[in-house]
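# Architecture at a glance
The lines below spell out each chain.
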Amino acid sequence: IEAALDPKLLNTLKGHKDQINAVHFHPQGTFKLIKKEIVSGSNDSMVFVWNLNSSGSVYKYIGHKDAVTDVKFSPVGNQIASASKDETVKLWTNNS
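Residues numbered from 1 in each chain as written. Predicted model: local features only at pLDDT ≥ 70, side-chain atom pairs only at ≥ 80, totals over all residues. Heavy atoms only, no water.

## Focus: the packing of aromatic side chains
The full count for this structure, using the stated rule, is 2 aromatic pairs. Centre to centre, the rings of Phe-48 and Trp-50 are 5.5 Å apart; their planes meet at 65 degrees, and the pair counts as edge-to-face. The exposure class of Phe-48 is buried, given its relative accessible area of 1%. Seen in terms of ring centroids, Tyr-61 and Trp-92 are 5.4 Å apart; in terms of plane orientation they differ by 75 degrees. Their pairing is edge-to-face. Of this pair, Tyr-61 sits in strand E4 (residues 57-62) while Trp-92 sits in strand E7 (residues 89-93), and the two are 31 residues apart along the sequence. (Phe/Tyr/Trp six-rings, centres within 6.5 Å; stacked < 30°, edge-to-face > 60°. Buried < 20%, exposed > 50% of the residue type's maximum accessible area, 1.4 Å probe, protein only. Helix = DSSP H or I, 4+ residues; strand = E, 2+ residues; numbered from the N terminus.)

## A few points about the pairing of strand E2 (residues 37-42)
Burial runs high along E2: 6 of the 6 residues are buried. Residue alternation in E2 divides its side chains into two sets, Glu-37, Val-39 and Gly-41 and Ile-38, Ser-40 and Ser-42, and both sets are buried. Where strand E1 (residues 20-25) lies against E2, 5 bridges are found, and the strand directions are antiparallel. Bridge pairing links His-24 to Val-39 in E2. Two elements, E2 and strand E3 (residues 46-51), share 5 bridges in a ladder whose sense is antiparallel. Pairing of Ile-38 across the sheet is with Trp-50, part of E3. (Pairing = 2+ DSSP bridges.)

## Some thoughts on the sheet that holds strand E6 (residues 79-84)
Read from one edge to the other, the open sheet built from 3 strands follows the order E5-E6-E7, with strand pairing classed as antiparallel. With partners counted over all chains shown, the strands left at the sheet margins are strand E5 (68-73) and E7, one partner each. On average, each strand axis in the sheet is inclined to that of its neighbour by 20 degrees, with strand direction left out of account. Of the pairings in the sheet, the one linking E6 to E7 comprises 5 bridges and is antiparallel in character. (Axes fitted to C-alpha atoms, helices over the stretch in contact; angles between N-to-C directions.)

All quantities given are derived from atomic positions and should not be read as evidence of function.
Structure (C-alpha cells):
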C-alpha cells in the first residue's frame, strides 16, 4: 500500500460543548473553494457554521432549547435548516 493514498487530516474544529449529531458541507464548497463552509448541530443545542477558509472561524446560531439532531444548507447555501429534540425546525439566514 502506497503512503500517498493514505487519508490526510485537514483540520480539527472545536467549539461545541457536547456530542455533534450532524454535519453538512456548503453546496458550493468544492475543491475549487468557492465557499468552503460546513454546518454542524450538537447536543449543546447550538448550530455552528465553520468557515474553513479563515482558520475555522465559527458563527453560532442560538435558539433551540434541546439537542440539534440534523442540519442542512439550502441548495444554494443562503439558508440553513436545523431540527431539534425541542420539536422545532428552525430556518436561519446564512450570513457567514
